[in-house]
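Breakdown of the fold
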Amino acid sequence: MVDQNIILIGYAVPLLFGLALMTRLGESFSPTLTSRSPLYAFPRRRHMLGLNIVAFVGFVVSVHTLWISNKISEGGNVCSSATVFSCDDVLGNAQYNVDPIFGISWGLIGMFAFAAVLFITNAVGKEPDAIWAEPYLKYGTFMTGAGLLVIALLVSYEVRMGKICQFCTMAHIANVVCLFGFWKAGKMHENGSWKDEDEDSEAPRNTKSKGRKS
Amino acid sequence: MKKDTEADVRTDTAIRVAAIFFVAIIFLAFTTDPIKTGTKEGDRAPALTGMAYNGSGWTSFDMDDYLTPNWTAGDPTGQWLLVEFMDTDCGFCLRDASKVGQNSNYFMKLGGDWQGPVVNFVASATELNIQGHDSSRAEIQAFRDKSGEETCGGNSCANRDGNAHNFVYVDDLDADNMDAWKVPGTPAYFLIQPDGIVAWASAENQNEEVADAIIRLTLEA
């Protein structure tokens, strides 16, 4: 069995990288990324790449939590521990590991939520100047904002159990980072930096795609 | 001529995300075989925890400590578990007390010549929200030990039918366990396999006695 901490690091590294791309730190990755695609010279392209990475990490972590839930239901131990960090105790608790209304596993709900976020980030990332791009980013903000309420509920469960599920926490962090990403994309729209333009030139770049907002 | 190509991007993205989603579902389907948690036969029994009285004092109880997760059918060394949900003021529970005591001694191999696997008994004592049902830890102790000054169902607990019991009584006065197990009334019995799967539930087998179910299921497993 692979050490759970190593798996957690495997999720944390791309998540932090994605977050870095959404901040000023992203500029330091610009030369490397630009060698792969010139478009990554522009902040909004790096921003959307970072948002895509974080959304994908959130999706994969959700799959992992559902996998752990299923394994525990089979009678296995995946990440049980006597310490406060024991995802087996959280994900294996039949009272709390499903939503209180429909009885759907939180892992599956996470998969749907992050798949929706991934759709938004991917679509907007490909066509950032489309008419629907800005409203889609707003939907993303609302979705991940609503996710905070779910996170609050799940954290309250953890407090009640006196246990913390590390993988669930990673998914929660991914949701918060996505919320930050959508919020920042909205701000970029507001302050006029949502464009592919060289800093020292007014000439727009990437005129390849059609059907864009004029 | 202008073309609305925006839809293409979204359709393409939707197909790609859907593909990733289904790959994940296929991965889960091939690598896991989830068992529903519940109290119907074939379900994985929910957790049963709390403070339990064993005749000498109250200690922490966790049903998992009684289970053998890697048990396989036919292994006679695995110990089964009979969980009884009861209320010390419930008339039917008082009526069954004698029979439950005899069964527990026999199947826990404390007396008799039971040849099958050990079947541990555990009672989860709750307080039903019914007028006149007013229980306490002292009453649970009195019911189990058949002693003391407490009143069970209007009569002295010391005078209930049968002998003192030799199995643990879990304090479920807040009915947490009863709610988690979705038990509508008492007494309710669940026979749990050594791996934690519900093998038999009294609610689904109204015409079969607990002892008959234990004999039938443990000897054929």
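Below you will find a few notes about this structure. (Residues numbered from 1 in each chain as written. Chains lettered and ligands numbered in written order. Predicted model: local features only at pLDDT ≥ 70, side-chain atom pairs only at ≥ 80, totals over all residues.)

1. Let's talk about the overall build of chain B
- A count of helices and strands for chain B gives 5 helices and 9 strands.
- Counting helices and strands in the order they occur from the N terminus, chain B gives α-β-β-β-α-β-α-β-β-β-α-β-β-α.
- Whereas a compact globule of 221 residues would reach a radius of gyration of roughly 17 Å, chain B reaches 24 Å, over 25% beyond that.
- For chain B, buried positions account for 37% of its 221 residues. (Helix = DSSP H or I, 4+ residues; strand = E, 2+ residues; numbered from the N terminus. Rg over C-alpha atoms; globule rule 2.2 N^0.38 Å. Buried ≥ 20, exposed ≤ 12 C-beta atoms within 10 Å, placed from the backbone.)

2. Some thoughts on the nonpolar core
- The biggest cluster of nonpolar side chains holds 56 residues, and the ones touching the most others in it are Val54, Ala55, Leu118, Ala174 and Cys178 of chain A.
- The biggest single contributor to this core is helix 3 (residues 43–73) of chain A, with 15 residues.
- The residues contacting Val54 of chain A, other than those within four sequence positions of it, are Leu15, Gly18, Leu19, Ala174, Val177, Cys178 and Gly181 of chain A.
- The next biggest cluster of nonpolar side chains, apart from the first, holds 45 residues, and it includes Ala97, Val100, Tyr169 and Val170 of chain B. (Core = buried A, V, L, I, M, F, W, Y, C linked by C-beta atoms within 7 Å. Contact = placed C-beta atoms within 7 Å.)

3. Let's talk about unusual backbone geometry
All names here are of chain B.
- That bond from Thr186 to Pro187 is cis: its omega, -5°, falls within 30 degrees of zero.
- Mapped onto the elements, Pro187 comes out in the loop between helix 4 (176–180) and strand 8 (188–192).
- If you check the backbone angles, Lys109 has positive phi at about 60° while not being a glycine.
- Lys109 sits in the partly exposed class, given 14 other C-beta atoms within 10 Å.
- For Lys182, which is not glycine, the phi dihedral falls at a positive 50°.
- Position of Lys182 among the secondary structure elements: in the loop between helix 4 and strand 8.
- Classification of Lys182 as exposed rests on a count of 12 C-beta atoms within 10 Å.

4. Regarding the pairing of strand 9 (residues 198–201) of chain B
All names here are of chain B.
- Examined bridge by bridge, strand 8 and strand 9 share 3 bridges and lie antiparallel to one another. If you follow Phe190 over to strand 9, its bridge partner there is Ala201.
- Count of turn residues in the strand 8/strand 9 antiparallel hairpin: 5 residues, of which Gly196 carries a positive phi of about 95°. (Pairing = 2+ DSSP bridges.)

5. Comments concerning the pairing of strand 1 (residues 49–53) of chain B
All names here are of chain B.
- In the sheet, strand 1 pairs with strand 2 (residues 58–62) via 5 bridges, with the strands oriented antiparallel. The partner of Gly50 across the bridge, within strand 2, is Phe61.
- As defined by bridge partners, strand 1 adjoins strand 7 (residues 168–172) across 2 bridges and the pair is classed as antiparallel. Following the sheet pairing, Tyr53 is matched in strand 7 by Tyr169.

6. Let's talk about the sheet that holds strand 3 (residues 80–87) of chain B
Residue and element names in this part refer to chain B.
- The 7 strands lie next to each other as 2-1-7-4-3-8-9, forming an open sheet whose pairing is mixed. Single-partner strands in this sheet number two, and they are strand 2 and strand 9. Within this sheet the neighbouring strands show an average axis-to-axis angle of 30°, counted without direction.
- The pairing of strand 3 with strand 8 spans 5 bridges and is classified as antiparallel. Note that in strand 8 the partner of Val83 across the bridge is Phe190.
- In the packing of helix 3 (residues 137–145) onto the sheet, contacts are made with strand 1, strand 4 (119–126) and strand 7, and the angle to strand 7 comes to roughly 155°. (Axes fitted to C-alpha atoms, helices over the stretch in contact; angles between N-to-C directions.)

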